[in-house]
Amino acid sequence: CQRKKNSLQLLQFSHTSIQMSNSRFCLLSLVSILSLLIITTTTNLVAAQRCRPDQTETLKRFKNEFAFSSSCTDDTHFLSGVTCDNVTGAVTVLKLPGGCLRGTLRDNSSLFELSHLRYLNLSFNNFASSPLPSSFGQLHNLEVLLLSSNGFLGQVPSSIRNLTKLTQLQLSHNKLTGDLALLLQNLTNLVALDVSSNEFYGTIPSFLFTMPSLSFL
């Protein structure tokens, strides 16, 4: 009987230890996730704080051109998508996907003053069925341009052909029109291209199949 009692106590102790271990593991996992989120947010804010004052002012003017959803109004959320060059302080990355921006993106937008941009993601915002601004062609340093599901409509401006450094171009799920061959003829560095769910006309340009780097179409 004494042996059974000792065995039962040992089992109860082992079960309690396992429960405590599991609790500690869950707690440590939660702390790790929260720490990672804090570090990521802090890193993004530090990156944004390296911006030159004139670049920060331009970003603020760009933000004020639009109505923002309630979850995106604070500067912390806005600046979390900004990265500036460590040496020059110029904005090189701007990521604002996800429905924060509502309004018309105009040709004279402050966005197009950020001439050092290399990565721009404005996907899934609502630009109120506005045309695609020709001023995108001024951003000669762009390597990645992501404009999917923005409500853009009409002819794609010929100035897009000026973006010869582009490696990724996404214009999918808008109402854009134009001749694909003319649009893409100078974009020979493309690695990924998505222009699906638009109203482009003409045949698929044969030169797309001979682009040396194009791997996603």
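Definitions and cut-offs
- Along every chain, residues carry numbers that run from 1 in the direction the sequence is written.
- Reporting in this predicted model follows two pLDDT cut-offs: at least 70 for local features of residues, and 80 or more for side-chain atom pairs to be given and counted; totals over whole chains, interfaces and linings ignore these cut-offs and use all residues.
- Only hydrogens and water are set aside; all other atoms, that is, all heavy atoms of the structure, feed into the side-chain values.
- In this text, helices come from DSSP runs of H or I with a minimum length of four residues, and strands from runs of E with a minimum of two, each type numbered from the N-terminal end.
- Remark: exposure states derive from per-residue accessible area (1.4 Å probe, protein chains only) relative to the maximum for the residue type, with buried under 20%, exposed over 50%, and partly exposed in between.
- Criterion for a disulfide: a pair of cysteine sulfur atoms at a distance within 2.5 Å.
- The criterion for an aromatic pair is that two Phe, Tyr or Trp rings (for Trp, the six-membered ring) have centres within 6.5 Å, with stacked assigned to planes under 30 degrees apart, edge-to-face to planes over 60 apart and tilted to the rest.

Colleague: Honestly, unusual backbone geometry in this entry has me stumped. Any pointers?
Modeller: Across the chain, the bulk of peptide bonds are trans and the bulk of non-glycine residues have phi less than zero. Within the chain, Ala128 stands out as a residue other than glycine whose phi angle is a positive 55°. With respect to the helices and strands, the residue Ala128 is situated in the loop between strand E5 (119–121) and strand E6 (144–146). A residue is classified by how much of its surface remains accessible, and Ala128, at 45% relative accessible area, is partly exposed.

Colleague: Explain the state of the cysteines here, please?
Modeller: Evaluated as defined, the whole model comprises one disulfide. The partner cysteine of Cys51 in its disulfide is Cys84, sulfur to sulfur 1.8 Å. Of note, the bridge from Cys51 to Cys84 carries an S-S torsion of about 85° and is right-handed in sense. Highlighted residues: Cys51 in the loop between helix H1 (2–49) and helix H2 (53–63) and Cys84 in strand E2 (residues 82–84), separated in sequence by 33 residues. Cys84 shares its class with Cys51; the two are buried.

Colleague: Would you mind going over the packing of aromatic side chains with me for this structure?
Modeller: Within a pair of aromatic rings, the relevant descriptors are the distance that separates the centres and the angle that separates the planes. On inspection of all chains with the given rule, the structure shows four aromatic pairs. Judged by centre distance (5.3 Å) and plane angle (25°), the ring pair of Phe127 and Phe152 falls under stacked. With a gap of 25 residues between them, Phe127 in the loop between E5 and E6 and Phe152 in the loop between E6 and strand E7 (153–155) connect regions that are remote in the sequence. The same class applies to Phe127 and to Phe152, which are both buried. Taken together, the ring pairs in this structure connect Phe62, Phe66, Phe127 and Phe152 into an aromatic cluster.

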